[in-house]
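Coordinates in review
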Amino acid sequence: MSPSTFTYVIFGVCAVILAVIGFFLGSAYRRKSAEKAIGSAEEEAKRILNDAMKTAETRKKETLIEAKEEIHQLRQDTEKDLRERRTEVQRQEHRLQQKEETLDRKIDNLEAKEEKLAERSKEIEERMAECEQIKRSQLDMLEKISGFSKEQAKSELLSMLDGELSHEKAVKIMEFEQQTKDESDRIAREMIGHAIQRCAADHSSEMTVSVVALPNDEMKGRIIGREGRNIRAIENATGVDLIIDDTPEAITVSSFEPIRREIARVTLEKLIVDGRIHPARIEETVAKATAEVEAVIKQEGERAMIESGVSNLHPELIKLLGRLHFRTSYGQNVLNHSLEVCHLSGLLAAELGADVTLAKRAGLLHDIGKAIDHEQEGSHIQLGVEAAKKYHESETVVHAIHAHHGDVEAKTVIACIVQAADAISAARPGARRENIENYIKRLEKLEEIANSFNGVEGSFAIQAGREVRIIVKPEMISDDQMTIVAHEIAQKIESELEYPGQIKVNLIRENRAIDYAK
């Protein structure tokens, strides 16, 4: 080994030794520093622990003091509450004691009253027995005095009571009828009477024929024509039947369709005036007459609309109204009847506070179906409803047309008004001609109803069936019973008989004494 190498080794060993010595010295220093730090930390920890223990002890004492105070306060509150409850209980006990004392007094009073009532009841029973004994003795005495038994007396009393009740019933019926009559007269007299006076219509008889006057009997031959060609041409062109008989200077035009009959009548008058009567001239004249009648129809429809004050009617409805000018029903001109119902409906609506314009419109159109019932199948009511719907009349007007003869129930005031106005117009004296057979049957039925009542001796229908005079047997029907019997007869007539207007039921009771001087 060379000296330099050895030197290096020695230096290396020394360096290692120094490094080890430095390491141990550093470790010892760090250990001492750590021990010192740990000691400081332990001392700090002990100090913090001591402070915490002191703080905890202080807090514990404060908490104990607060708890003691709260317990004390709770004890005081509880004692106060107990004192109040004890006071309330004592008060309630006192009230209950007072109520018990009151109840005891009431029970005592009730017992005393019960004793008094028992004594009173006993006394009443004794008096009732005494009264019963007196009653029996009085009844015996009354039976001896009157000569009636108990049952006979009861029957007599009931008979007297029945008579008094009949009198009272008759008086009440008379008062009620008079009151009702006065009230209805007050409301209806001016309304209906004035309306009828204003709406006067012609008195005519229903006709399905028209008579055309001729200047001479020679004209009959000219109208018949050679081999009857002229009369056939007239009948074919107009759709009517011409009756040429022995009636001097007259030809009868017969047809159930009034428009055709009118066209034929006008045609004949024109041919008679012109003098030229042959088939070609007949056709030309029929065309002119048809145009004239159509113009009259339009004029009459417009006249009816103006007279009634109804506006905004469909042109076809105006024509249908005009056709009613040539239509009659039971001898009454239908157009005049419609105008009359129109005015009556307006007056009734004004009195009742209803829509006057709507009522007059419904009244004017209520029989519009009669303008076409000769041409189409169905009743005039059905045809009228269809026409009103077709030409856009209101539901109220359609319903009034539908209900004016009772085919459906009247559900509006306007429908009821039109029903009443139609009945008034139809029932007006002289307005309609009645079939003689139906008239006689109605009078016979009226007398039959009157004779069906007990105590009726005879009855007589007078004044065209508007009054029935009934003679009753005086021994069977008293004066008081007459009012009741008259009322019952009137009710039976209303339920079993159909008639226009009203019927007066007039009962007559009389006693007659007859003797002969010899």
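Up top is the structure these notes are about.
Residues numbered from 1 in each chain as written. Predicted model: local features only at pLDDT ≥ 70, side-chain atom pairs only at ≥ 80, totals over all residues. Heavy atoms only, no water.

A separate point is empty space enclosed by the protein. Taken as a whole and judged by the stated rule, the model has one cavity of 30 Å³ or more. Approximately 40 Å³ is the volume attributed to the largest cavity. Around the largest cavity sit Glu 257, Pro 258, Ile 259, Arg 323, Arg 327, Lys 370, Ala 371 and His 374, which together line it. Partitioned by chemical class, the residues of the lining of the largest cavity number three nonpolar, one polar and four charged. (1 Å grid on protein atoms, 1.4 Å probe; cavity = no way out; pocket = protein on both sides within 12 Å on 5 of 7 lines; lining within 4 Å. Points joined across faces, edges and corners; volume = space filled by probe spheres on them. Nonpolar A, V, L, I, M, F, W, Y, C, P; charged D, E, K, R; others polar.)

On to the side chain of His 399. Mapped onto the fold, His 399 is located in helix 11 (residues 395-403). The buried category is assigned to His 399, whose relative accessible area is 18%. Excluding its chain neighbours within four sequence positions, the residues that come into contact with His 399 are Val 408, Glu 409, Ala 410, Lys 411, Thr 412 and Ala 415. (Helix = DSSP H or I, 4+ residues; strand = E, 2+ residues; numbered from the N terminus. Buried < 20%, exposed > 50% of the residue type's maximum accessible area, 1.4 Å probe, protein only. Contact = heavy atoms within 4.5 Å.)

Right, let's get into a nonpolar patch on the surface. Side chains of Val 9, Val 13, Ile 17, Leu 18, Ile 21 and Leu 25 sit close together on the surface and give an oily, nonpolar patch of about 560 Å² of accessible area. Topologically, Val 9 is positioned in helix 1 (residues 3-146). Residue Val 9 is classed as partly exposed on the basis of its relative accessible area of 43%. (Patch = residues over 30% accessible without salt bridge, like charges linked within 9 Å, V, L, I, M, F, W, Y side chains within 5 Å. Areas by Shrake-Rupley, 256 points an atom, 1.4 Å probe, with all protein chains shown as cover. Salt bridge = Lys/Arg side-chain N within 4 Å of Asp/Glu carboxyl O.)

This part takes up the sheet that holds strand 8 (residues 504-508). Spatially, three strands are ordered 6-7-8 in an open sheet, and the strand pairing comes out mixed. Every other strand in the sheet has two partners, leaving strand 6 (456-462) and strand 8 as the edge strands with one partner each. Across this sheet, the average inter-strand angle for adjacent strands is 20 degrees, counted without regard to direction. As paired strands, strand 7 (residues 467-472) and strand 8 are joined by five bridges and run parallel to one another. Its bridge partner lying in strand 8, Glu 467 is registered against Lys 504. Each of strand 7 and strand 8 is contacted by helix 14 (residues 479-496), which is oriented at about 145 degrees to strand 8, the strand it contacts most. (Pairing = 2+ DSSP bridges. Axes fitted to C-alpha atoms, helices over the stretch in contact; angles between N-to-C directions.)

Time to look at the pattern of salt bridges. Tallied over the entire structure, the rule returns 22 salt bridges. The salt bridge partner of Asp 51 is Arg 47, with a shortest N-O separation of 3.2 Å. Of this pair, Asp 51 and Arg 47 both sit in helix 1, four residues apart, which is roughly one turn of the helix. Residues Glu 88 and Arg 91 are paired through a salt bridge, measuring 2.4 Å at the closest nitrogen-oxygen approach.

A few words now on the nonpolar core. If you look at the biggest cluster of nonpolar residues, it comprises 40 residues, and the most contacted ones within it are Leu 313, Leu 321 and Leu 365. For this core, the element with the highest residue contribution is helix 8 (residues 334-352), accounting for eight residues. With 25 residues, the next largest nonpolar core counts Ile 223, Ile 234, Ala 264 and Ile 277 among its residues. (Core = buried A, V, L, I, M, F, W, Y, C linked by side-chain atoms within 4.5 Å.)

The N-to-C vectors of helix 4 (residues 229-238) and helix 6 (residues 279-308) enclose an angle of 25 degrees; their axes lie 9 Å apart at closest approach. Judged by the inter-axis angle, helix 4 sits roughly parallel to helix 6. For helix 4 against helix 6, the interelement crossing comes out right-handed. Contact residues: Arg 229, Asn 230, Ala 233, Ile 234, Ala 237 and Thr 238 in helix 4; Pro 279, Ile 282 and Val 286 in helix 6. Taken together, the residues of the contact of helix 4 with helix 6 break down into six nonpolar, two polar and one charged. (Parallel < 35°, antiparallel > 145°, perpendicular 65-115°, else oblique. Left-handed = near helix turned anticlockwise from the far one by under 90°.)

A separate point is helix 5 (residues 258-274). Its 17 residues give helix 5 an end-to-end C-alpha distance of 24 Å, which sits within 8% of 24 Å, the value for a rise of 1.5 Å per residue. When helix 5 is considered as a whole, its buried residues turn out to be Pro 258, Ile 259, Arg 261, Glu 262, Ile 263, Ala 264, Val 266, Thr 267, Leu 268, Leu 271 and Ile 272. Phi for Gly 275, located one or two positions after helix 5, is positive at around 90 degrees. (Expected span 1.5 Å × (residues − 1).)

The next subject is the pairing of strand 3 (residues 250-254). Of all five residues making up strand 3, four are buried, and the element is well covered by its neighbours. One ladder, built from three bridges, connects strand 2 (residues 241-243) with strand 3; its direction is antiparallel. When the sheet's bridge partners are listed, Asp 241 is paired in strand 3 with Ser 254. Here strand 2 folds back onto strand 3 in antiparallel fashion, the turn holding six residues, of which Glu 249 has a positive phi close to 50 degrees.

Further remarks concern helix 7 (residues 315-323). Because an α-helix completes one turn every 3.6 residues, residues spaced three or four positions apart along the sequence face the same direction. Of all the residues in helix 7, the buried ones are Leu 317, Ile 318, Leu 320, Leu 321, Gly 322 and Arg 323. For helix 7, the elements touching its buried residues are helix 5, helix 6, helix 8, helix 9 (356-365) and helix 10 (380-390).

Across the interface, helix 6 lies against helix 8 with an axial gap of 10 Å and an inter-helix angle of 15 degrees. Relative to helix 8, helix 6 is oriented roughly parallel. Between helix 6 and helix 8 the crossing geometry is right-handed. In this structure, helix 6 contributes Glu 300, Arg 303, Ala 304, Glu 307 and Ser 308 to the contact, and helix 8 contributes Leu 335, Asn 336, Leu 339, Cys 342 and His 343. Residues of the contact of helix 6 with helix 8, tallied by class, amount to four nonpolar, three polar and three charged.

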